Amino acid sequence: MTSPNTAPPSADGAPAAGEAPASPAPAPVLALRDIGWTVGGATIVDSVTFDVREGEFLAFIGPNGAGKSSLFNLISGINPATRGTIELDGADITAEAAYARARRGLGRTFQTSSLWPGMTVADHVRLAAQAAGGGSYRVWRRADPYTDQVTRVLARTELTHRADTPADSLSHGEKRKLELAVLLVGEPRLMLLDEPMAGVSAEEVPALTELIRSLHREEGRTVLMVEHHMDVLLGLADRLAVMHHGTLLALDAPAAVMADPTVQQAYLGEAL
């Protein structure tokens, strides 16, 4: 309804006299267009298209083999897409290597831990800080320039008391926190979390969930997450994406997705 004191817009949609032009919509942080991945004639990911907005939390669900982790591999550059395009902050990164995407601010964790068992928690974070700062992974490098970063990130992930503990002595939940600490020291613009609750005990899930929630809501970080714990996702996600046989079956608010008859039919008898 038009206010009596506001001139209606012109017929061509341009702003009326005295009305400020509308600001263009910001480019999405991440944009996938018709992304696909075919290996040996088998289609693993098929024609996936979606945008991710600044500060959004987008969660992916689906049974094993649905293509969730494969899609994350395409986004992070571990595997090359065989069709379509991927843009990060408006730049086409489809052909870029994983390390180049990381330098643009794309961070990734994995289902299985990639920590060095005998290395301490603090040294893991310090080496990640060296790499993020353009250095190399040299344990003997002087640590002083990174002390503040290490201290800050360990405090943020509630691992200060474990700074001198070897990674193989950590619980599964603490290992996941350390993986987040290694990711955070590089100040990622976009975080891809692949099943962060895998292997974590029921007692540790709430604390890890709250840490991820605070990174999203308090720091405004953009997060994409694959997870099988539906109770975790429903309390975190702004939107829910359903993968099914390599395709994007649904993408909407969590309540709308869970009520979607197509989703219910597709997963009849399949645990999400």
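What counts and what doesn't
- Residues numbered from 1 in each chain as written.
- Predicted model: local features only at pLDDT ≥ 70, side-chain atom pairs only at ≥ 80, totals over all residues.
- Heavy atoms only, no water.
- Helix = DSSP H or I, 4+ residues; strand = E, 2+ residues; numbered from the N terminus.
- Buried < 20%, exposed > 50% of the residue type's maximum accessible area, 1.4 Å probe, protein only.
- Contact = heavy atoms within 4.5 Å.
- Areas by Shrake-Rupley, 256 points an atom, 1.4 Å probe, with all protein chains shown as cover.
- Polar contact = N/O pair within 3.5 Å; in protein donor to acceptor, adjacent residues only side chain to side chain.
- Pairing = 2+ DSSP bridges.
- Axes fitted to C-alpha atoms, helices over the stretch in contact; angles between N-to-C directions.
- Phe/Tyr/Trp six-rings, centres within 6.5 Å; stacked < 30°, edge-to-face > 60°.

**Points about the overall build of the protein chain**
On a plain count of helices and strands, the protein chain comes out with 9 helices and 10 strands. Across the 272 residues in the protein chain, those meeting the buried criterion constitute 44%. Considering only contacts within the protein chain whose residues lie at least 6 apart along the sequence, 63% involve residues at least 24 apart. Carbon and sulfur atoms make up 54% of the accessible area of the protein chain, which amounts to about 13,500 Å² in all.

**Focus on the side chain of Thr222**
One can find Thr222 in strand β8 (residues 222-226). Polar contacts involving the side chain of Thr222 include one to the main-chain amide nitrogen of Gly55, which spans 2.8 Å. Ignoring any residue separated from it by four or fewer positions in sequence, one finds Thr222 in contact with Val29, Val52, Arg53, Glu54, Gly55, Glu56, Arg189, Leu190 and Met191.

**Observations concerning the sheet that holds strand β1 (residues 30-39)**
Taken in spatial order, the 4 strands make up an open sheet running β2-β1-β4-β5, and their pairing is antiparallel. Of all the strands in the sheet, just β2 (42-52) and β5 (91-92) have a single pairing partner and so form its edges. Judged from the 7 bridges that link them, β1 and β2 form a sheet pairing that is antiparallel. Its bridge partner lying in β2, Thr38 is registered against Thr43. Across the sheet, helix α1 (residues 68-76) touches β1, β2 and β4 (83-88), and the angle it forms with β1 is around 115°.

**Side note on the pairing of strand β10 (residues 247-252)**
Successive residues of a regular strand alternate their side chains across the two faces of the sheet. Strand direction decides the pairing type here: strand β9 (residues 239-244) and β10, joined by 5 bridges, are antiparallel. Across the sheet, residue Leu240 finds its bridge partner in β10, namely Asp252. The hairpin formed by β9 and β10 contains 2 residues between the paired strands, and His245 there has a positive phi angle of roughly 50°.

**Overview of the packing of aromatic side chains**
For the structure shown, the criterion picks out 2 aromatic pairs. Pairwise contacts between aromatic rings join Phe50, Phe60 and Phe72 into one cluster.

**Quick notes on the pairing of β4**
The sheet contact formed by β1 and β4 spans 5 bridges and is antiparallel. Bridge pairing in β4 places Arg33 opposite Thr85. Relative to β5, β4 runs antiparallel, the two sharing 2 bridges. By the bridge assignment for β5, Glu87 is matched with Asp92. Between β4 and β5, which pair antiparallel in sequence order, lie 2 residues; one of them, Asp89, sits at a positive phi of approximately 55°.

**Topic: unusual backbone geometry**
For Asp34, which is not glycine, the phi dihedral falls at a positive 55°. Within the secondary structure layout, Asp34 lies in strand β1. Since its relative accessible area comes to 31%, Asp34 is described here as partly exposed. One non-glycine residue, Ser47, lies in the positive phi region at around 50°. Along the chain, Ser47 turns up in strand β2.

**Examining the environment of Arg221**
Looking at where Arg221 falls in the secondary structure, it is placed in the loop between α6 (205-217) and β8. Exposure remark for Arg221: the relative accessible area of 11% places this residue in the buried category. With 167 residues separating them along the chain, Arg221 and Glu54 place their C-alpha atoms 7.9 Å apart. If sequence neighbours within four positions are ignored, Arg221 has contacts with Gly55, Glu56, Leu184, Glu187, Pro188, Met191, Leu215 and His216. Separated by 3.1 Å, the side chains of Arg221 and Glu187 make a polar contact.

**A word on the side chain of Thr209**
Mapped onto the fold, Thr209 is located in helix α6. For Thr209, a relative accessible area of 8% gives the class buried. Those residues in contact with Thr209 that sit more than four places away from it in its chain are Met197, Val232 and Leu236.

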